[in-house]
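# Summary of the model geometry
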Amino acid sequence: MQRLSPIESSAFKSLNKVITWFIILRWVACTGVALVLLFSYYSFHFKLQYKILSATTLTVISLNLIYSYYFYRYKKQFLQRREIHIFFQIQIISDYLLLLILVYFSGFMDNPLIFFFSFHIIITSFLFTSGIVTLYTTLLIALIGSISLFQYLKIIPVFPLFVESITTTPILRLTQTFGISALLAITAYLTISIINKIDARGKQFEVELNKYKSLDKIKSNFILQVTHELRGPLAAISGFHEMILRGITGEIEEYTKSIIIKADRRTDNLLIIIGEMIDFAYMKSSDDSTFITRELSVRKIISENISNVTTRAQQGSVHLSVACPKHLEIRTNSDLINIILGNLLFNAIKYTEAGGNVSLIASEKGNEIHFVVEDTGIGICEEEIEKVFYEFYRSRRARELEKDGTGLGLAIVQKAVNALQGRIIVYSKEGKGSSFHVFLPEYIDTGKIPGGENAENINN
Ligand code: ADP
């Protein structure tokens with residue numbers, strides 16, 4: 001049997017809002033009725049059935065307390081769709097009946113509260129299908145019409161609102177009944193047609209979105225294929241450079257050597273860019289694929305990632321430091337965590353001048369592992385910090401420095417952090433350095449890679 005957590009599902013979130021409104025409106029209505037009863041009790045103009053009306057108001061209050069309690073419980077518990085549906089139905093029916101009782105014993109057609117039914121119809125339209133709303137409205141109109149008719153035929157008594165009862169002619173009563181019924185029918189018709197239009201637009205939007213998503217996926221798969229094809233030959237070129245530099249192909253002049261070294265650096269940069277594009281396309285195209293999690297040693301992850309960037313740091317004369325408690329473990333996906341730390345470390349080194357420092361620190365914070373990649377590099381200015389997670393975004397300073405880059409690294413990091421149900425926060429000051437804080441849950445189950453975006457940026 002499928003169990004739902006309504007509070008977590010976005011469709012049910014809006015439903016929860018409607019129910020919250022229902023409960024709040026009921027409290028407002030009860031307070032209003034209680035105040036009116038109190039006021040009318042001391043006024044000579046009113047002639048109300050105080051006992052019945054007070055009992056009805058108390059019933060509404062008691063029911064609302066039960067509904068509030070049940071609502072609070074159902075938010076916490078996993079209820080079935082059927083149970084939630086029944087819960088809504090009971091509320092609607094009880095509201096209709098109690099309101100009808102209140103109105104009947106306090107002047108019926110002369111009581112302005114009768115217009116409250118319109119609100120009910122509007123709210124019901126948000127919760128139920130047009131068929132159910134039509135059924136409720138028809139029953140309501142039939143009930144109002146019958147009461148009116150029976151009162152006219154003197155089968156049931158009339159409970160006037162005022163001491164001096166308003167003289168109602170049959171024509172006036174008929175007009176009133178017809179007017180109220182028409183108002184309710186028009187309200188139902190209008191809300192149903194508006195909601196149907198909104199639904200149709202929503203469905204159309206969904207179709208467009210799916211079309212866009214599948215096109216985006218085709219593009220990502222294309223990038224993935226092309227970049228894969230490019231990586232092989234480039235890696236081979238890099239290997240040939242190394243062979244030449246090691247003298248395997250024979251002695252070379254110093255000048256030639258310096259040119260080969262430059263060519264090799266450029267090839268390495270190209271390989272890095274291609275690596276980023278592969279990661280990016282992988283994260284984009286694997287929206288539906290699941291990632292497997294396993295128990296990992298945080299120390300081991302850190303040392304692997306540090307050793308991957310040590311040569312780069314040495315080339316740029318950047319000092320690397322690490323801090324991580326022993327025996328720290330995390331159950332997560334190793335590919336995604338390596339993508340996160342690898343990209344952040346790589347950026348930290350890339351955007352730090354010679355002589356600067358880059359550190360990677362890991363610690364346990366509650367149920368999370370907190371990773372900090374900090375550098376004393378160029379930093380990010382306040383206006384740009386918001387945008388660094390955008391795809392293809394590169395800061396002005398980064399472009400000025402002509403450092404190679406695609407503007408994809410942080411977009412990949414963000415997607416990987418989201419997939420691992422974590423969060424990322426950036427602290428940065430231009431010219432002073434940056435620190436990227438990644439919080440990952442200590443334990444997550446195998447899951448799917450989502451496409452969402454929820455990174456936070458803080459500038460200090
Ligand atoms: P790339 O580095 O390829 O330009 P990223 O997505 O990795 O793309 O980063 C986006 C931008 O964020 C970079 O262009 C740079 O301006 C800024 N940035 C990222 N990391 C740092 C850092 N450690 N220090 C300063 N700026 C950074």
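Residues numbered from 1 in each chain as written. Predicted model: local features only at pLDDT ≥ 70, side-chain atom pairs only at ≥ 80, totals over all residues. Heavy atoms only, no water.

### Some remarks on the overall build of the protein
What counts is decided by this rule: Segments assigned H or I by DSSP are reported as helices when at least four residues long, segments assigned E as strands when at least two residues long, and all are numbered from the N terminus. Partly exposed residues are those whose accessible area sits between 20% and 50% of the maximum for their type, while under 20% is buried and over 50% is exposed, using a 1.4 Å probe and protein chains only. Whether two residues are in contact is decided by their heavy atoms: any pair within 4.5 Å suffices. Throughout, the Shrake-Rupley method with a 1.4 Å probe supplies accessible areas, and for residues the shown protein chains are the sole cover considered.
In terms of helices and strands, the protein carries 12 helices and 10 strands. Across the 460 residues that make up the protein, the buried fraction comes to 42%. Restricting to contacts in the protein with at least 6 residues of sequence separation, those with at least 24 account for 77%. With the model as given, the accessible surface of the protein reaches about 26,100 Å², and the carbon-plus-sulfur share is 62%.

### Topic: the site of the ligand
Applicable threshold: Here a residue counts as near a molecule or strand whenever at least one of its heavy atoms sits within 4 Å of it. Each polar contact in these results corresponds to two N or O atoms within 3.5 Å; when the atoms are within protein, one needs to be able to donate a hydrogen and the other to accept it, and residues that are neighboring in sequence are counted only if both atoms are side-chain atoms. Residue type decides the class: Asp, Glu, Lys and Arg count as charged, Ala, Val, Leu, Ile, Met, Phe, Trp, Tyr, Cys and Pro as nonpolar, and the leftover types, Gly among them, as polar.
The environment of the ligand is made up of 22 residues, and the closest members are Asn 347, Tyr 351, Arg 394, Ser 395 and Leu 410. Between Asp 375 and the ligand, the recorded distance is 2.9 Å, taken from a side-chain N or O atom to a nitrogen atom. One of the backbone nitrogen or oxygen atoms of Thr 406 is found 2.9 Å away from an oxygen atom of the ligand. For the ligand, the accessible surface in isolation is 520 Å², of which the surrounding protein chains cover 100%. For the shell around the ligand, the element with the most residues is helix 9 (residues 334-350), which contributes 3 residues. The class makeup of the residues in the shell around the ligand is 10 nonpolar, 8 polar and 4 charged.

### Some thoughts on the side chain of Thr 57
Here Thr 57 lies in helix 2 (residues 50-76). One polar contact links the side chain of Thr 57 to the main-chain carbonyl oxygen of Leu 53, over a distance of 2.7 Å. Every residue in contact with Thr 57, bar those within four places of it in the chain, is listed here: Cys 30, Val 33, Leu 37 and Leu 102.

### Brief notes about the packing of aromatic side chains
For clarity, the threshold we go by: Stacked, edge-to-face and tilted are the three classes for Phe, Tyr and Trp ring pairs, Trp counted by its six-membered ring, which pair at centre distances within 6.5 Å; planes under 30 degrees apart are stacked, over 60 edge-to-face, the rest tilted. Both a distance and an angle decide whether a charge sits over a ring: NZ of Lys or CZ of Arg must be within 6 Å of the ring centre and within 35 degrees of the ring normal.
Taken as a whole and judged by the stated rule, the model has 12 aromatic pairs. On the basis of an interplanar angle of 45 degrees and a centroid distance of 4.7 Å, the ring pair of Phe 105 and Phe 159 is categorised as tilted. Placement of the pair is Phe 105 in the loop between helix 3 (81-104) and helix 4 (116-127) and Phe 159 in the loop between helix 5 (130-152) and helix 6 (170-245), with a sequence separation of 54 residues. This pair shows no difference in class: Phe 105 is buried, exactly as Phe 159 is. For the ring pair Phe 280 and Phe 392, a centre distance of 6.0 Å and an interplane angle of 65 degrees mean the geometry is edge-to-face. On the criterion of sequence distance, the pair formed by Phe 280 in helix 7 (residues 254-285) and Phe 392 in the loop between helix 10 (382-385) and helix 11 (396-400) is long-range, its members being 112 residues apart. Joined through ring pairs, the aromatic side chains of Tyr 67, Tyr 70, Phe 87 and Phe 88 make up one cluster. Positioned over the ring face of Phe 439 is Arg 423, at 4.2 Å from the centre of the ring.

### As for unusual backbone geometry
In this structure, Phe 108 is a non-glycine residue whose phi angle is positive, near 50 degrees. Along the polypeptide, Phe 108 turns up in the loop between helix 3 and helix 4. Residue Phe 108 is classed as buried on the basis of its relative accessible area of 1%. Unlike most non-glycine residues, Ser 317 shows phi in positive territory, near 50 degrees. Considering the arrangement of structural elements, one finds Ser 317 in the loop between helix 8 (298-315) and strand 3 (319-323). The partly exposed category is assigned to Ser 317, whose relative accessible area is 45%.

### Topic: a nonpolar patch on the surface
Formally: Think of a patch as exposed residues, more than 30% relative accessible area, with no salt bridge, where like charges cluster within 9 Å and nonpolar side chains (Val, Leu, Ile, Met, Phe, Trp, Tyr) cluster within 5 Å. Each reported salt bridge corresponds to a side-chain nitrogen of Lys or Arg within 4 Å of a carboxyl oxygen of Asp or Glu.
A cluster of nonpolar residues, Leu 149, Phe 150, Tyr 152, Leu 153 and Ile 155, forms a patch on the protein surface that exposes about 510 Å² of accessible area. Secondary-structure assignment places Phe 150 in helix 5. Using a relative accessible area of 35% as the deciding quantity, one classes Phe 150 as partly exposed.

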